[in-house]
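Analysis of the macromolecular model
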Amino acid sequence: MTRLVLRPTVLLAIALLCLHLAGPSPLFAQPAAPAAQPVPAASLPRVHFVATGGTISNRDGGRLTAEDLAKSMPGVDRYARLTVEQFANVASSELTLKQWLGLAKRINDLYATEKDLAGVVVTSGTDTLEETAFFLHLTVKDPRPVVVVGSMRNPSTLGYEGAANLLEGVRVAADPAARNKGALVVLNDEINSARNVTKTDALRLQTFRSREYGQLGVVDRDRVVFFSQITQRTNERVEFDLSKVTELPRVDVIMVYQGAPGDLIKAAVDSGAKGIVMAVAGAGATSGTQQEGLAYAAEKGVFIVNSTRAGSGRIAPPRGDVPAAAMANATEAQRRRRQFSVAGEDHTPVKARVLLMLALTRTNDRNEIQRIFSEY
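Our next topic: the sheet that holds strand β12 (residues 275–280). A sheet is described by the order of its strands in space; here four strands give the open sequence β11-β12-β13-β14, paired in parallel fashion. Strands at the two margins of the open sheet, each flanked by one partner only, are β11 (251–255) and β14 (341–343). Looking at each pair of strands side by side, their axes are set apart by 25° on average, direction ignored. Here β12 pairs with strand β13 (residues 303–308) via six bridges, running parallel. The partner of A279 across the bridge, within β13, is S307. Sitting on the sheet, helix α11 (residues 366–375) is in contact with β13 and β14, with an inclination near 15° to β14.

Structure below.
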């Protein structure tokens, strides 16, 4: 019989294999990794949450309060120390312009007096969220962020996303990278600039889009990520001072459509409008008898801003180098129209309205208003 003789190195390898198959041994066990230590609450950034209502709080049987919404966010204490405030609790379309003024003044006061505050989160109904967010974008002067959050489904609906959106809004407000970006809109894991974002679908969760500009960033599991920045004036560079403003001037939006009557423009002027935004067809076309209405508005000293109804595209200011002979041959009505006409640049009609209201709190000079539209 032939005897099998194994070398010592082979025997050692077999022994180690048997130990491995038998499971972990104290002899070869790796030291346990130290447990992650929780971040002390005192060192977390503080975020102030201001609730105004909207679908995010519209539960069957009664609206959720700011405290209710704050409690609905799982794990918020990992990201921020949260303080809460109930400013209002209504549908977004029920917020008044006076409440807009009060909300902007409240946030400016918070930033002026509470230096430890990292950011502010505001809840809003989604139907007019883009208008409220843009107003705050133009009126909050501190570099710290204002993050506007909402939800498309109410708390009594299967798939309610309000708590997740709100938590992500808190994370963005607490992140130092969110500074100096103006007001931000956070829904559906996406961060958009209040300047560019618009509601694009009546029901779908992915409704808020920044048209061809794209989103600023995302809120992912591990961190908040920003990809881009806006270049228009924001934060400390905004020039609108609301400290002595008690009422915003009336500005109406009139849409251009085939055969549209000019008497709607006249009615707005006679009802006290200080400005009119024309949601023009294409890059400036009107229809029907609207030109008569616009001549009437200019005669009464009412500013007219042209903003395209197309959803995207820029309306450029008129050329400043109009030949003197051309102006000399213009009628008084034509000169008057030019004196009170403003190009809306790339602002949508509803946002052009917000900007014109604020511009009129500062000036009645057409060139200054045009500058404002070009810089914001």
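The structure having been displayed, the exposition proceeds.
This paragraph deals with the layout of surface pockets. A volume near 170 Å³ is recorded for the largest pocket. Looking at the lining of the largest pocket, the elements that each hand over two or more residues are α9 (332–340) and β14. Take the lining of the largest pocket: its biggest share by element is three residues, from β14. Residues belonging to the lining of the largest pocket are distributed by class as follows: six nonpolar, two polar and three charged.

Direction vectors running N to C along helix α3 (residues 97–113) and helix α4 (residues 129–139) enclose 45°, while the axes themselves pass 10 Å from each other. By the angle class used here, α3 and α4 are oblique. Like other packed secondary-structure pairs, α3 and α4 cross with a definite hand, here right-handed. Between α3 and α4, the residues in contact are W100, L101, L103, A104, I107 and N108 and E131, T132, F135, L136 and T139, respectively. Residues belonging to the contact of α3 with α4 are distributed by class as follows: seven nonpolar, three polar and one charged.

Next up on the list: the pattern of salt bridges. As a working rule, side chains carrying opposite charge can pair if their charged atoms are close by. A full pass over the atoms with the stated rule returns 17 salt bridges. Two residues, D142 and R144, come together in a salt bridge whose shortest N-O distance is 2.7 Å. The same class applies to D142 and to R144, which are both buried. A salt bridge links E345 to R314; the nearest nitrogen and oxygen atoms lie 2.5 Å apart. Here the residue E345 occupies a position in the loop between β14 and α10 (349–360), and R314 occupies one in the loop between β13 and α8 (324–329), the gap between them amounting to 31 residues. The class for E345 is buried, based on a relative accessible area of 8%. For R314, a relative accessible area of 53% corresponds to the exposed category. In the salt-bridge network here, residues are joined through shared partners; they are R233, E239, R362, E368, R371 and E375.

Taken residue by residue, the protein chain gives an average pLDDT of 91. The fraction at 70 or more is 87%. Contacts for the low-pLDDT stretch residues 25–30, under 50 throughout, to residues beyond four places or in other chains number two contacts.

Under the counting rule described, the total for this entry stands at one cavity of 30 Å³ or more. L136, H137, V140, D142, R144, V146, G182, A183 and N235 together form the lining of the largest cavity.

A cluster of nonpolar side chains, M255, Y257 and L264, forms an exposed patch at the surface whose accessible area comes to about 270 Å². Relative to the helices and strands, L264 is located in helix α6 (residues 263–270).

So, about the side chain of D142. Structurally, the position occupied by D142 is in the loop between α4 and β4 (146–149). A polar atom in the side chain of D142 sits 2.7 Å from the side chain of R144. Discounting chain neighbours no more than four positions away, the residues touching D142 are Y111 and N235.

Here we come to unusual backbone geometry. Most peptide bonds adopt trans geometry, and most residues besides glycine take a negative phi value. Positioned with a positive phi, D189 is a non-glycine residue whose angle comes to about 70°. Among the secondary structure elements, D189 is positioned in the loop between β5 (183–187) and β6 (190–193). The residue N235 is not glycine, and still its phi comes out positive at about 55°. Residue position: N235 is located in the loop between β10 (224–226) and β11.

Definitions and cut-offs
- Residues numbered from 1 in each chain as written.
- Predicted model: local features only at pLDDT ≥ 70, side-chain atom pairs only at ≥ 80, totals over all residues.
- Heavy atoms only, no water.
- Pairing = 2+ DSSP bridges.
- Helix = DSSP H or I, 4+ residues; strand = E, 2+ residues; numbered from the N terminus.
- Axes fitted to C-alpha atoms, helices over the stretch in contact; angles between N-to-C directions.
- Contact = heavy atoms within 4.5 Å.
- 1 Å grid on protein atoms, 1.4 Å probe; cavity = no way out; pocket = protein on both sides within 12 Å on 5 of 7 lines; lining within 4 Å.
- Points joined across faces, edges and corners; volume = space filled by probe spheres on them.
- Nonpolar A, V, L, I, M, F, W, Y, C, P; charged D, E, K, R; others polar.
- Parallel < 35°, antiparallel > 145°, perpendicular 65-115°, else oblique.
- Left-handed = near helix turned anticlockwise from the far one by under 90°.
- Salt bridge = Lys/Arg side-chain N within 4 Å of Asp/Glu carboxyl O.
- Buried < 20%, exposed > 50% of the residue type's maximum accessible area, 1.4 Å probe, protein only.
- pLDDT = per-residue confidence, 0-100.
- Patch = residues over 30% accessible without salt bridge, like charges linked within 9 Å, V, L, I, M, F, W, Y side chains within 5 Å.
- Areas by Shrake-Rupley, 256 points an atom, 1.4 Å probe, with all protein chains shown as cover.
- Polar contact = N/O pair within 3.5 Å; in protein donor to acceptor, adjacent residues only side chain to side chain.

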